[in-house]
Amino acid sequence: MHPKKPRKLKVKRKGKKIVGDTSRVITRLHLPDKKDRIPKIIQRIADLPDTTAEELLSQIMLDFSERHKDIRHVFERNLNQVRHHIPRDGVPSGTKRALIGAYFTMEYSIESAALFNPSIVLHPDQSHLDKGSLRFIMSLRAIGEGHVSSIVFRSGILDRYNTFIFDPTSDYVERPDVSLNPVYDRHLFQLKLNEMEACNEVTAYILDRLPGDFTYNEFKERIEALRAKTVFPEARQNKTFEIMYWLANSNYEMTFRPDHRISERVIFPVSKNESNGIEDARFVQFFDDNGETTYYATYTAYNGNTILPQLIETKDFIKFKVITLNGKAVKNKGMALFPRKIDGSYVMLSRQDGENNHIMFSDNIHFWQESKIIQEPTRPWELIQIGNCGSPLETDKGWIVLTHGVGPMRRYCIGAMLLDLENPARVIACLEEPLLAPREEEREGYVPNVVYTCGAIFHNSDLVIPYGMSDIKCGIATVGARELINCMRAVGS
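All of these numbers come straight from a predicted model, not from anything done at the bench.

Student: Explain the overall build of the chain to me, using residue names and the numbers behind them.
Tutor: A count of helical and extended segments in the chain gives 9 helices and 30 strands. What you see for the chain is a C-alpha radius of gyration of 25 Å, in line with the 23 Å of a compact globule of 493 residues. Projecting the C-alpha coordinates of the chain onto the three principal axes gives extents of approximately 85 × 55 × 45 Å. For the chain, with 493 residues in total, the buried portion stands at 52%. Pairs at least 24 apart in sequence give 63% of the contacts found in the chain among residues at least 6 apart. By element, 48% of the accessible surface of the chain is carried by carbon and sulfur atoms, the whole surface being about 23000 Å².

As structure tokens, then:
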């Protein structure tokens, strides 16, 4: 670390740009705003002459079957969402059943508005590579119509010269099979309800009638039994049911098809608390004490009014588990997990107050109770707010943390700091000037004057940083790790 005037950093920007593809579409359930319109639409379909229905379905299959791998399955799934509106004495033919599903289906272009805020980790499979190369997975925030955010993926190889060789991006995109968590821990469920200030006589009544580990169906049966035979004031019961369902539905599992490319996978909002988007996932390859590796990602769920920090867990990027983060310190955006425990504790960077960089420690990855400020805005390019730009990276000199700072004209820049290896609450050094600031060609986009990343990796002595440009597309930059540290100013110097 330079004790006085820092040297000028040599940051190399790659020519490769990562942009959204409007042709990558998923299917979504499409329901009218007023539910009383649903049976009317179904009846109109049922009244179609059989020949007309067959011709119509044939044209739909011609137009859409090559855009989705199993469009018939999609129609059947969405038919099931409106099945209770079909008259019992008017069960339609197979053709008209498929048509009903088609009428309540829409396409959604997940990357049509923007593709940005990437994070990058090593792929679980590092076999059959040339010397000096690694295989990576990159996650990105995709935005489509209505500013709904989802997580998409790209994969490829980073060779010995730090050249990115991306795998071909599939024309198809698939949503996973989703299942609510098969088992809930009653104690943890009650702790979260208490944290939400939702515990009352209704929650106590229901939880007392559930086993220590309960299934979603058991949970639903207890609620519906109480709804059918009211014990407490009905309005109070219904409000409590809504909160309990909200919590249960925020924890779920997703499974993709293992034989499909990773670029075909999209994590699209599932629960009500993330109905307006899944924002800024920070993936990290976590090494447990027993030698096992798990990939975690913190992200911000947004429902249009409030945000909720969530945790994704996966071993293989095929099966994902989504879990609500808990505790008094689980607030605001931008949580980033360290890649291993330190002195027996999980460690996370955070920004509870929306302004300063915080750190917090816990013996349970799902519960975080306290945080402390380790960095405040002091430099002209970050006086509005600062935060992390992904999980810390370990070196023999300390933990490198990429940061972001917001300055005049709401310009976002990427900076860096160095934390003590054994006491990461202690900042050793910081960059005085931005590592990356928006260049002229990076300023225009969905949100102007922004460069931002959600995670970087080391490769061949360099720090490799994929970064979003003005919230519309992505670029890639590299900088020597040792050079970066040497250009930081020691704290207190």
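Student: Quick rundown of the packing of helix α3 (residues 71-82) against helix α4 (residues 94-103)? Include the residues and the values.
Tutor: It is the contact of α3 with α4, at a shortest axis distance of 7 Å, that shows an interaxial angle of 80 degrees. Taken as axis vectors, α3 and α4 run roughly perpendicular relative to one another. Taken together, the residues of α4 that come into contact with α3 (itself represented by Arg72, Phe75, Glu76, Asn78, Leu79 and Val82) are Arg97, Ala98, Ile100, Gly101 and Ala102. Of the residues contributing to the contact of α3 with α4, the split by class is 6 nonpolar, 2 polar and 3 charged.

Student: Help me get a handle on the pattern of salt bridges, residues and values and all.
Tutor: Tallied over the full model, the rule gives 24 salt bridges. The partner of arginine 482 in a salt bridge is aspartate 396, and the shortest N-O contact between them spans 3.4 Å. On the criterion of sequence distance, the pair formed by arginine 482 in helix α9 (residues 481-486) and aspartate 396 in the loop between β22 (393-395) and β23 (398-406) is long-range, its members being 86 residues apart. Among the residues examined, arginine 482 registers a relative accessible area of 42% and is labelled partly exposed. Residues joined in a network through salt bridges with shared partners are Arg379, Glu382, Glu432 and Arg489.

Student: So what's going on with helix α7 (residues 216-228)? Residues and values would help.
Tutor: Here α7 spans 18 Å end to end across 13 residues, near enough to the 18 Å set by a 1.5 Å rise per residue. Those residues of α7 that fall on the buried side of the exposure criterion are Tyr216, Phe219, Ile223 and Leu226. Projected down its long axis, α7 carries its buried residues within an arc of 105 degrees, all on one side. The outward face of α7, more than 90 degrees from its buried face, is lined by the exposed residues Asn217 and Ala228. In this structure, the buried side of α7 is in contact with β8 (177-180), β9 (184-185), α5 (186-195), α6 (201-207), β10 (213-214) and α8 (234-249).

Quick notes on the rules
- What you see as residue numbers is a count from 1 along each chain, following the sequence as written.
- Reporting in this predicted model follows two pLDDT cut-offs: at least 70 for local features of residues, and 80 or more for side-chain atom pairs to be given and counted; totals over whole chains, interfaces and linings ignore these cut-offs and use all residues.
- Heavy atoms throughout the structure, all of them, feed into the side-chain values; hydrogens and water do not.
- By definition, any uninterrupted DSSP run of H or I lasting at least four residues is a helix, any uninterrupted run of E lasting at least two residues is a strand, and each is numbered from the N terminus.
- Just to be clear, the radius of gyration here is over C-alpha atoms, and the globule rule we use is 2.2 Å times residues to the power 0.38.
- Here's how the labels work: a residue is buried when its accessible area is under 20% of the maximum for its type, exposed when over 50%, partly exposed in between, all with a 1.4 Å probe on protein chains only.
- Any two residues having at least one pair of non-hydrogen atoms within 4.5 Å are treated as being in contact.
- Areas reported here follow the Shrake-Rupley algorithm with a probe of radius 1.4 Å; residue values treat only the protein chains shown as occluding.
- Axis angles are defined between N-to-C directions and span 0 to 180 degrees, where every axis is a line fitted to C-alpha atoms and, for a helix, only to the segment in contact.
- Orientation labels follow simple angle bins: below 35 degrees gives roughly parallel, above 145 gives roughly antiparallel, 65 to 115 gives roughly perpendicular, and whatever is left gives oblique.
- Asp, Glu, Lys and Arg are counted as charged, while Ala, Val, Leu, Ile, Met, Phe, Trp, Tyr, Cys and Pro are counted as nonpolar; the rest, among them Gly, fall into the polar class.
- Between Lys or Arg on one side and Asp or Glu on the other, a salt bridge is scored when a side-chain nitrogen of the former is within 4 Å of a carboxyl oxygen of the latter.
- Helix span, as expected, comes to 1.5 Å for every residue beyond the first.
- By construction, the arc corresponds to the directions joining the helix axis to the C-beta atoms.

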